Structures are given as structure tokens and as C-alpha cells.
Amino acid sequence: MKTTWAAPSAGLRLAGAIGAIVLILDQLTKWAALEHLLEPPRLVEAAPFLNLVLGFNTGVSFGLLENDSAYGPWLLSGTALLVVTVLVVWAARSDSRAEAASFGAIAGGAVGNVVDRLRQGAVTDFIDLHAFGWHWPTFNVADIGITGGVGLLLISGLWPRRAGSEEAGERNGKPL
């Protein structure tokens, strides 16, 4: 019996391209941060509201669920890769470019942070936004991809689909 492979869907191709861009930008900027902020450790004032300062996060978003055990990076990485797998399947089935781009940005960011966890046991963070003495938790390009992807996904869900791809007010033949 001959097995045939279908070409990847347009949604999967878009998600893959966006995910690859986020992953590459994330890893390049983390490499630059490690090269220029680690030896000697320093803070760079890039703008009145932006510092570049190196930090390492062993937890998930903004240091939640910090775990210094030997299994922590593997557990968090496995969970992230499971989520990425679900996002890839979802992107392959999506007929919405906004959704596919969202899934790609989230997946690319998640993979970028997984690479850090498996390589060094923690995620490299270096972007410090601040105003009026208040500092947002330090983050990185992967976090921007994840947050931007979630934001785009939420925003895209607010508008009904255009007639032409699907009837307005319906998805997959079912009312919204």
C-alpha cells in the first residue's frame, strides 16, 4: 500500500513561517544579551523606559511556578512541547490567517524558551520595561511572541469571519 502525503495547509505554512521567525529572533537576541550583558554583568539604559539587563527564569511566565529541581526544566519543556503540538494541529486545521499567525507566534516563542531550558536550565530574559519607578518583570522576544500571539488570537475572535471563507456567524457549519 502506497502512502501519500498531503501538502501542508496554508494555515500550517503561515504558522510555521511566523514560528520560525519568532524562534530565530528570540535565539539571536538571547545570544546577543548573553554576549554583551553577562561579562561583566551590567545594566544598559537603552531608553528612559527600557533597560537591558540579564536575568534567568527557572519558572514560567514572569517567574511563576519557579522550580530549581533537576526535573523542573524537563517538566516545563515537556508541557510546552505538548502545547506546541496542539497548536500545530490547530494551525493545520485553521482557515483563518490571523489564527494561524497567532498559533505560529505562540509556538515559536514556546520553542524558544524550551531551547533555553534544555540548554541552560533556565530561560534567558533581558528586556526590562519601567515607568515611574515601576518595573515590569524582565522578559524576552519569545515572551513577546507568546503574548502577541495570544493577543492576536483574542482580537481575531472578536470579529466574525468574512463571507467567502465561511458564512458570517458560522464556523464549520455550526452557529457561533
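Everything numeric in this text was worked out from a predicted model, so none of it was measured. (Residues numbered from 1 in each chain as written. Predicted model: local features only at pLDDT ≥ 70, side-chain atom pairs only at ≥ 80, totals over all residues. Heavy atoms only, no water.)

Asks: Kindly report on helix H1 (residues 10-37), identifying the contributing residues and their values.
Replies: It helps to recall that an α-helix has 3.6 residues per turn; residues three or four apart then point in one direction. With 28 residues, H1 extends 40 Å from end C-alpha to end C-alpha; this agrees with the ideal 40 Å at 1.5 Å per step. What H1 keeps buried is the set Gly11, Ala15, Gly19, Val22, Asp26, Lys30, Ala33, Leu34 and Leu37. (Helix = DSSP H or I, 4+ residues; strand = E, 2+ residues; numbered from the N terminus. Expected span 1.5 Å × (residues − 1). Buried < 20%, exposed > 50% of the residue type's maximum accessible area, 1.4 Å probe, protein only.)

Asks: Help me get a handle on the environment of phenylalanine 49, residues and values and all.
Replies: Inspection of the secondary structure assignment puts phenylalanine 49 in the loop between strand S1 (43-47) and strand S2 (50-57). Between the C-alpha atom of phenylalanine 49 and that of aspartate 128, which follows or precedes it by 79 residues, the distance is 8.2 Å. Contacts of phenylalanine 49, omitting those with residues within four sequence positions, involve Asp128, Leu129 and His130. (Contact = heavy atoms within 4.5 Å.)

Asks: Any chance you could break down the nonpolar core for me, citing the residues and the numbers?
Replies: Core analysis: the biggest nonpolar cluster contains nine residues, these being Ala33, Leu34, Leu37, Leu50, Leu54, Phe126, Ile127, Phe139 and Val141. The set of elements that each furnish at least two residues to this core consists of H1, S2 and strand S3 (123-131). A per-element tally of this core places H1 first, with three residues. If we skip the residues at most four places from it in the chain, phenylalanine 139 touches Asp125, Phe126, Ile127, Leu129 and Ile144. Core analysis: the next-biggest nonpolar cluster, separate from the first, contains eight residues, Ala91, Phe103, Ala107 and Ala110 among them. (Core = buried A, V, L, I, M, F, W, Y, C linked by side-chain atoms within 4.5 Å.)

Asks: So what's going on with the sheet that holds S2? Residues and values would help.
Replies: Here we have four strands laid out as an open sheet, ordered S1-S2-S3-S4, and antiparallel in their pairing. With partners counted over all chains shown, the strands left at the sheet margins are S1 and strand S4 (134-135), one partner each. As defined by bridge partners, S2 adjoins S3 across six bridges and the pair is classed as antiparallel. Residue pairing across strands places glycine 55 opposite aspartate 125, the latter belonging to S3. In this fold H1 packs onto S1, S2 and S3, with an angle of close to 80 degrees to the strand it touches most, S3. Strands in contact with helix H3 (residues 97-120) are S2 and S3; relative to S3, the strand with the most contacts, it is inclined by about 125 degrees. (Pairing = 2+ DSSP bridges. Axes fitted to C-alpha atoms, helices over the stretch in contact; angles between N-to-C directions.)

Asks: So what's going on with unusual backbone geometry? Residues and values would help.
Replies: A cis geometry characterises the amide bond from glutamate 39 onward to proline 40, with omega recorded as -10 degrees. When you line up the elements, proline 40 lands in the loop between H1 and S1. One non-glycine residue, phenylalanine 132, adopts positive backbone phi at about 55 degrees. Within the secondary structure, phenylalanine 132 sits in the loop between S3 and S4. Since its relative accessible area comes to 90%, phenylalanine 132 is described here as exposed.

Asks: Account for the pairing of S1, naming residues and giving values.
Replies: Residues in a regular strand project their side chains so that they alternate between the two faces of the sheet. As paired elements, S1 and S2 share four bridges and run antiparallel to each other. Paired with leucine 43 across the strands is valine 53, a residue of S2. Two successive antiparallel strands, S1 and S2, enclose a turn made up of two residues.

Asks: So what about a nonpolar patch on the surface? Which residues, and what values?
Replies: On the surface, Phe49, Leu129, Trp134 and Trp136 cluster together into a nonpolar patch covering about 430 Å² of accessible area. Along the chain, tryptophan 134 falls in strand S4. (Patch = residues over 30% accessible without salt bridge, like charges linked within 9 Å, V, L, I, M, F, W, Y side chains within 5 Å. Areas by Shrake-Rupley, 256 points an atom, 1.4 Å probe, with all protein chains shown as cover. Salt bridge = Lys/Arg side-chain N within 4 Å of Asp/Glu carboxyl O.)

Asks: Can you tell me about the packing of H1 against H3, naming the residues and giving the values?
Replies: At their nearest, the axes of H1 and H3 sit 7 Å apart, and the two run at 35 degrees to each other. Crossing of H1 over H3 shows right-handed handedness. Class assignment of the residues belonging to the contact of H1 with H3 gives a composition of eleven nonpolar, nine polar and five charged. (Left-handed = near helix turned anticlockwise from the far one by under 90°. Nonpolar A, V, L, I, M, F, W, Y, C, P; charged D, E, K, R; others polar.)

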